[in-house]
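# Secondary and tertiary structure notes
This is what each chain is made of:
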Amino acid sequence: MSLTEPIRSPIAVRRLLKSLQNHPRNYVLVSLCLHTALRISDILRLGTNDVYDFATGKPRTEISLTESKTKKRKTIALHKNVISALKKYRPQAKPNAPLILNAHTGNAISRVQAYRIISLAAKDIGQRTSCHSLRKTFGYHSWQNGVCPIIVMNIYNHSSMKITERYLGIQQDHLNTAYLALRI
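Our subject in this report is the structure included herewith. (Residues numbered from 1 in each chain as written. Predicted model: local features only at pLDDT ≥ 70, side-chain atom pairs only at ≥ 80, totals over all residues. Heavy atoms only, no water.)

### Structural notes on the pairing of strand β3 (residues 62-66)
- Alternating positions in β3 separate cleanly, Ile-63 and Leu-65 being buried on one face and Glu-62, Ser-64 and Thr-66 remaining unburied on the opposite face.
- Strand direction decides the pairing type here: β3 and strand β4 (residues 73-77), joined by five bridges, are antiparallel. Among the inter-strand pairings, Thr-66 is bridged to a residue of β4, identified as Arg-73. (Buried < 20%, exposed > 50% of the residue type's maximum accessible area, 1.4 Å probe, protein only. Helix = DSSP H or I, 4+ residues; strand = E, 2+ residues; numbered from the N terminus. Pairing = 2+ DSSP bridges.)

In structure tokens, the structure reads:
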């Protein structure tokens, strides 16, 4: 597992998203990373038909896919921020076209290009971030907002809580807070 860390500051997350608002494709990319906990490889495999209902012309409220690494089927409810981003971004009106489109080739952007987009946007706001950092950011903020770590573990499809603990970036100050918060 890489040594990337989640973005712990909600302000930094909002600043990252705000820095991409004028770039609809990149904004959708980062929104999906932050709000779905999918690996970048799975996000880049999404097609327009996976997220848009062509009969209604609107974004879907959930997506279903088989994760490339685990081969497990997963359904994900799309957060209102992702739906809002998708309403502003319509790469091609063709079903089965890649969602995160490279305008020059007509294919999905590469993992390297996704990394560049995310790391440059993060650098612009004074952060060091990668695609995987955003996956970890989802779990960290879910946990901080009271989501049970077992649920986060299931979302990630982790085989043990120890792996999820590393993903969440649980540090000694988090442990100290728990010790000091106990009221008996």
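From this point, things continue past the structure.
### Let's talk about unusual backbone geometry
- Phi at Ala-37 takes a positive value of approximately 65°, unusual for a residue other than glycine.
- Relative to the assigned elements, Ala-37 resides in the loop between α2 (24-36) and α3 (40-45).
- Residue classification places Ala-37 among the buried positions, given a relative accessible area of 0%.
- Unlike most non-glycine residues, Asn-157 shows phi in positive territory, near 60°.
- Structurally, the position occupied by Asn-157 is in the loop between α8 (149-156) and α9 (161-168).
- With a relative accessible area of 22%, Asn-157 lands in the partly exposed category.

### Notes on the environment of Leu-134
- Position of Leu-134 among the secondary structure elements: in helix α7 (residues 131-144).
- Along the sequence, Leu-134 and Leu-32 sit 102 residues apart, while their C-alpha atoms lie 9.3 Å from each other.
- Among residues more than four places away in sequence, those in contact with Leu-134 are Ile-7, Leu-16, Val-30, Cys-33, Leu-34, Ile-118 and Thr-129. (Contact = heavy atoms within 4.5 Å.)

### Some points on the nonpolar core
- Ranked by size, the top nonpolar core spans 41 residues in total, and within it Leu-29 and Leu-99 carry the most contacts.
- Where this core is concerned, the elements lending two or more residues are α1 (10-19), α2, α3, β3, α5 (80-88), α6 (111-124) and α7.
- The element that contributes the greatest number of residues to this core is α2, accounting for seven residues.
- Core analysis: the next-biggest nonpolar cluster, separate from the first, contains eight residues, Phe-138, Trp-143, Tyr-156 and Leu-168 among them. (Core = buried A, V, L, I, M, F, W, Y, C linked by side-chain atoms within 4.5 Å.)

### Side note on a nonpolar patch on the surface
- A grouping of Ile-170, Leu-175, Tyr-179 and Leu-180 is seen on the molecular surface, where their side chains present a nonpolar patch of about 430 Å² in accessible area.
- With respect to the helices and strands, Tyr-179 occurs in helix α10 (residues 172-181). (Patch = residues over 30% accessible without salt bridge, like charges linked within 9 Å, V, L, I, M, F, W, Y side chains within 5 Å. Areas by Shrake-Rupley, 256 points an atom, 1.4 Å probe, with all protein chains shown as cover. Salt bridge = Lys/Arg side-chain N within 4 Å of Asp/Glu carboxyl O.)

### Comments concerning the packing of aromatic side chains
- Tallied over the entire structure, the rule returns two aromatic pairs.
- Aromatic pair Tyr-140 and Trp-143: ring centres 5.8 Å apart, planes at 70°, arrangement edge-to-face. Residue Tyr-140 and its partner Trp-143 are both found in helix α7; the two are separated by three residues, about one turn of the helix. In terms of burial, Tyr-140 and Trp-143 fall into one category: buried.
- The ring centre of Tyr-140 lies 5.4 Å from the NZ or CZ of Arg-8, which sits over that ring. (Phe/Tyr/Trp six-rings, centres within 6.5 Å; stacked < 30°, edge-to-face > 60°. Lys NZ or Arg CZ within 6 Å of the ring centre and 35° of its normal.)

These figures capture arrangement, not role.
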